[in-house]
Amino acid sequence: MKVLAIDTSNYVLGVAIVDEEKVIGEVITNLPKNHSVRVMPTIEQLMKECGIKPKELEKIVVAMGPGSYTGVRIGVTIAKTLAWSLQIPLVGVSSLEVVAANGRHFNGFISPLFDARRGQVYTGLYQYEGKRLTCVEEDKIILLADWLEELRKRETPVLFIGNDLVIHKEQIETDLEQFAYVAPYTDWNPRPSELAVLGMEKAPVDVHTFVPNYIRLAEAEANWLGKRQG
């Protein structure tokens, strides 16, 4: 099965083409540049270099959030358009789950992390059972201090992983002490090839009703709703 995976949910722009367990091609950049301008040319160039035509694709997999409101929307919109036009299945995968997949060799819990400002983080709790990544706690937005308190009660080693880890590393290691493990820099970025593999195991979604998982409203939308209700 030839799968095209797309991730524009954060700074990282990732595109991969995977055939079963073989990575045919993969592009990853970690630049604060406009994904809306770069993602389609990246997809087209990768498919050209890999010798893959659109009609050969059998599934589209997209990182569905949480993350950057605009970034998530760009990736999901492009994925829906491609899946609909090619008449092939579409699968959405948690952006946090893709990051957590880098911790496959860790014996304990995995907490992927994106900064959500004001002391908050987007996170969830995952764990490998054999070769399968399972979700222990669903993705959420939470104060980091509260999250660390919850994790400390579990008294189990936790691997923290994610591009925003540098912002919170000191607090994590101080609050969680011996239970805190910080992933190496090389594992901080999500890999679109991992996204593709994760998506192979998940059921397709309805293209027309599928929406991103923002977890919370964009700040502008929340302010607008607050004014209407006030």
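Going along each chain's sequence as written, the residues are numbered from 1 onward. Side-chain atom pairs in this predicted model are given and counted only at pLDDT of 80 or more, local residue features only at pLDDT of at least 70, and totals for whole chains, interfaces and linings cover all residues. To get the side-chain values, all heavy atoms of the structure are used, and hydrogens and water are removed first.

**Some words on the side chain of Thr29**
Per the convention used, a helix needs a DSSP run of H or I reaching at least four residues, while a strand needs a run of E reaching at least two, with both numbered from the N terminus. Within the secondary structure layout, Thr29 lies in strand 3 (residues 22-30). Accessibility here uses a 1.4 Å probe with only protein chains present; expressed as a share of the type maximum, an area under 20% marks a residue as buried, one over 50% as exposed, and anything in between as partly exposed. The exposure class of Thr29 is buried, given its relative accessible area of 19%. A polar contact of 2.8 Å, which involves the side chain of Thr29, links it to the side chain of Arg38. Throughout, a contact is declared for two residues whenever any of their heavy atoms are within 4.5 Å. Ignoring anything within four residues of it in the chain, the contact list for Thr29 reads Tyr11, Val12, Leu13 and Arg38. As used in this structure description, the phrase polar contact means that two N or O atoms lie within 3.5 Å; if the pair is within protein, one of them must be able to donate a hydrogen and the other to accept it, and residues adjacent in sequence are counted only when both atoms belong to side chains.

**Some details on the environment of Ala63**
Relative to the elements of secondary structure, Ala63 occurs in strand 4 (residues 59-63). In this structure the C-alpha to C-alpha distance between Ala63 and Asn163, which are 100 residues apart in sequence, comes to 16 Å. Not counting residues up to four positions away in its chain, the partners in contact with Ala63 are Ile6, Asp7, Ser9, Val76, Val93, Ser95 and Leu195.

**Structural notes on the packing of aromatic side chains**
The pairing test for Phe, Tyr and Trp rings, Trp by its six-membered ring, is centres within 6.5 Å, and the orientation test on the planes gives stacked under 30 degrees, edge-to-face over 60, and tilted for anything in between. A full pass over the atoms with the stated rule returns two aromatic pairs. Either the NZ atom of lysine or the CZ atom of arginine qualifies as a charge over a ring when it sits within 6 Å of the ring centre and within 35 degrees of the ring normal. Its end group placed over the ring of Phe109, Arg154 keeps NZ or CZ at 5.2 Å from the ring centre.

**Some thoughts on helix 2 (residues 69-86)**
To estimate how far a helix should reach, multiply one less than its number of residues by 1.5 Å. Over its 18 residues, helix 2 extends 26 Å from the first C-alpha to the last, a length consistent with the 26 Å expected when each residue adds 1.5 Å. Along helix 2, the positions that sit buried rather than exposed are Gly71, Val72, Ile74, Gly75, Val76, Ile78, Ala79, Leu82 and Ala83. Downstream of helix 2 by a residue or two, Gln87 has a phi angle that is positive, lying close to 60°.

**Some details on the sheet that holds strand 1 (residues 2-7)**
A pair of strands counts as paired when DSSP detects no fewer than two bridges linking them. Across the sheet, which stays open at both edges, the five strands sit in the order 3-2-1-4-5 with mixed pairing between neighbours. Among the strands making up the open sheet, the edge pair consists of strand 3 and strand 5 (90-93). Between one strand axis and the next, the sheet turns through 15° on average, direction left out of account. Where strand 2 (residues 12-19) lies against strand 3, eight bridges are found, and the strand directions are antiparallel. Bridge pairing links Ala16 to Glu26 in strand 3. Interaxial angle, 0 to 180 degrees, is taken between N-to-C directions of lines fitted to C-alpha atoms, where a helix line uses only the stretch in contact.

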